[in-house]
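A closer look at the structure
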Amino acid sequence: MLTLTNARLIDPYNGTDSPGSLTIEGGVISEVLDDPHGSTNGSFRSGKPHADASIFDCAGHCLAPGIIDIGAKVCEPGERHKESFRTAGAAAVAGGVTTIVVRPDTVPAIDSPEILEFVHRRAVQDSQARVLPMAALTRGRNGREMTEIGFLMDAGAAAFSDADNVVRDSRVLGRCLSYAAGCNALVIGHVQNPDLSTGTAATSGAFASKLGLPAVSPIAERIQLERDMALVELTGARYHVDQLTTAAALPALERARDAGLDVTFGTSIHHLTLNELDVDGYRTFFKVKPPLRNEADRMAIVEAVADGQIDIISSMHTPQDEESKRLPYEEAASGAIGLETLLPAALRLVHNRSMTMPHLWRCLSLNPARRLGIDGGRLKAGAPADLVLFDPDKPFVLDRATLRSKSKNTPFDGHRMQGRVLRTFVGGKTAFIHDS
């Protein structure tokens, strides 16, 4: 039994940020107490820690539910030189991520129970963080033939997605969504129209023209979102949009909400904290998919997160090796790592007062848990003891060489950041301690 005392408890469910203590027993939270010496707000029971518990003083730092990161890529099988479950797990817990929901865009794709079983076995064996694998929606992610959704669910698939391979054929996607609805399976979609976005490297506008880069209009996102929402309305499927990044797509989001569709919306930390100007100098570590947007789009998405229109913030962790990034901008691979930088980057939204700490944690932990139908995201008795202790004000300069991912393609290299993970617990056990 372990009691974490003198903590600043961040409870996204109750929307509170208050002093208190928390006891862990048998891998779960056994009790949450208000600080008897501090102010209380009635969210937790008042009292003293259990007499038999070991005591750990949190020194007033923030204690919150562990981050649940939907849509990270771990490159097993097929590209283990870019990222393995061992290195991804180490990066995750160092970043306060206790559950990684991994994408199926591996080589080969996770499109059969046998490959899913392999992924699960490797994850349990090697990862310090919990791992929930997605499965492909279509065989080989080629958009032509539906996978065995029922069998894959039985094998443990958390959701179904073709990642950034958009299903072009609306008839095929409609069949997939209809079958998924019958199984109550969650489908995750990437809403970028492939006819408009294929072969592009930037968002259309004066800046892309200045750099001479092939560009895509933000309307490509709206077009694909409108198509997908129409099919969701037709089939009644459960659907999550992995990344909304433009103001042009927000009216379609609002219509889907008003229609009562079972949809949720996410965005990436890179699109919340960076914009197209960061690409200046053809810096390929800033090349992501979809491309970084203009500042007006970035601010619109921040506001959509703050007012609850967008539910989930993810790292969209995409490792790429040096050889695929050290190329001319148009030829370089898209993607940036984010498991270890998600928390300090997201804290920028708190430090600049775009949102409160409890609201940020709704997007990082509670809402992902709800969407996936898993325990997590709460500080309450009986919840898993997946926790992160962090100092939200600790400044540091990020050095990509110190990151635990095999690939080092972070856009935040050399950035001044604020917020350090001090300790991470997974199932009540310490998975990470920061070496101060």
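Residues numbered from 1 in each chain as written. Predicted model: local features only at pLDDT ≥ 70, side-chain atom pairs only at ≥ 80, totals over all residues. Heavy atoms only, no water.

What follows deals with the overall build of the protein. Within the protein one finds 14 helices and 17 strands. Scaling as 2.2 N^0.38, a compact globule of 436 residues should have a C-alpha radius of gyration of about 22 Å, and the protein matches this with 21 Å. Seen through its principal axes, the protein has C-alpha atoms that stretch 65 × 50 × 45 Å. Taken across its 436 residues, the protein has 60% of its residues classed as buried. Sequence separation of 24 or more characterises 73% of the internal contacts of the protein that already satisfy a separation of 6 or more. (Helix = DSSP H or I, 4+ residues; strand = E, 2+ residues; numbered from the N terminus. Rg over C-alpha atoms; globule rule 2.2 N^0.38 Å. Buried < 20%, exposed > 50% of the residue type's maximum accessible area, 1.4 Å probe, protein only. Contact = heavy atoms within 4.5 Å.)

Attention now moves to a negative patch on the surface. A grouping of Glu 254, Asp 258, Glu 303 and Asp 307 is seen on the molecular surface, where their side chains present a negatively charged patch. Within the element layout of this structure, Asp 307 appears in the loop between helix H10 (295-306) and strand E14 (312-314). (Patch = residues over 30% accessible without salt bridge, like charges linked within 9 Å, V, L, I, M, F, W, Y side chains within 5 Å. Areas by Shrake-Rupley, 256 points an atom, 1.4 Å probe, with all protein chains shown as cover. Salt bridge = Lys/Arg side-chain N within 4 Å of Asp/Glu carboxyl O. Lys, Arg positive; Asp, Glu negative; His and termini not counted. Charge placed at Lys NZ, Arg CZ, Asp CG, Glu CD.)

With that out of the way, let us pick up the sheet that holds strand E12 (residues 238-241). Pairing is parallel in the open sheet, where four strands are placed in the order E9-E12-E13-E14. In this open sheet, the two edge strands, each paired with only one partner strand, are strand E9 (186-189) and E14. Looking at each pair of strands side by side, their axes are set apart by 30° on average, direction ignored. Strand direction decides the pairing type here: strand E13 (residues 263-268) and E14, joined by three bridges, are parallel. In the strand pairing of E14, Thr 267 is matched with Ile 313. Against the sheet, helix H7 (residues 219-235) touches E12 and E13, its axis set at about 165° to E12. The strands touched by helix H14 (residues 357-372) within the sheet are E9, E12, E13 and E14, with E14 carrying the most contacts at an inclination of about 100°. (Pairing = 2+ DSSP bridges. Axes fitted to C-alpha atoms, helices over the stretch in contact; angles between N-to-C directions.)

Helix length check: helix H2 (residues 113-126) (14 residues) gives 20 Å between terminal C-alpha atoms against 20 Å at 1.5 Å per residue, within 8%. Taken residue by residue, H2 has Ile 115, Leu 116, Val 119, Arg 122 and Ala 123 as its buried positions. Summarising the axial view, the buried residues of H2 lie within an arc of 130°, below the 170-degree limit, and thus occupy one face. Seen from the open side of H2, the exposed residues pointing more than 90 degrees away from its buried face are Glu 114, Glu 117, Val 124 and Gln 125. Buried residues belonging to H2 abut helix H1 (85-94), strand E8 (130-133) and helix H3 (149-154). (Expected span 1.5 Å × (residues − 1). Arc of directions from axis to C-beta.)

Once that is clear, we can look at the confidence of the model for the protein. Chain-level statistics for the protein give a pLDDT mean of 95 and a share of 95% at 70 or above. Taken together, the stretch residues 37-44 has pLDDT below 50 and engages in 19 contacts with residues farther than four places along the chain or on a different chain. (pLDDT = per-residue confidence, 0-100.)

Residues Met 229, Phe 265, Ile 313, Leu 360 and Trp 361 are the most contacted members of the largest nonpolar core, which totals 101 residues. With six residues, H1 is the single largest residue contributor to this core. Setting aside anything within four residues of it in sequence, one finds Ile 313 in contact with Thr 267, Ile 269, Leu 272, Val 305, Leu 342, Leu 349, Leu 360, Cys 363 and Leu 364. Residues Ile 24, Ile 29, Cys 58 and Ala 385 belong to the second largest nonpolar core, which totals 15 residues. (Core = buried A, V, L, I, M, F, W, Y, C linked by side-chain atoms within 4.5 Å.)

One pass over the full model with this rule turns up 24 salt bridges. The partner of Lys 289 in a salt bridge is Asp 164, and the shortest N-O contact between them spans 3.1 Å. Of this pair, Lys 289 sits in the loop between helix H9 (269-273) and H10 while Asp 164 sits in the loop between H3 and helix H4 (170-183), placing them 125 residues apart in sequence. A relative accessible area of 30% means that Asp 164 is categorised as partly exposed. Among the salt bridges present, the one from Arg 298 reaches Glu 295, with a minimum N-O distance of 2.8 Å.

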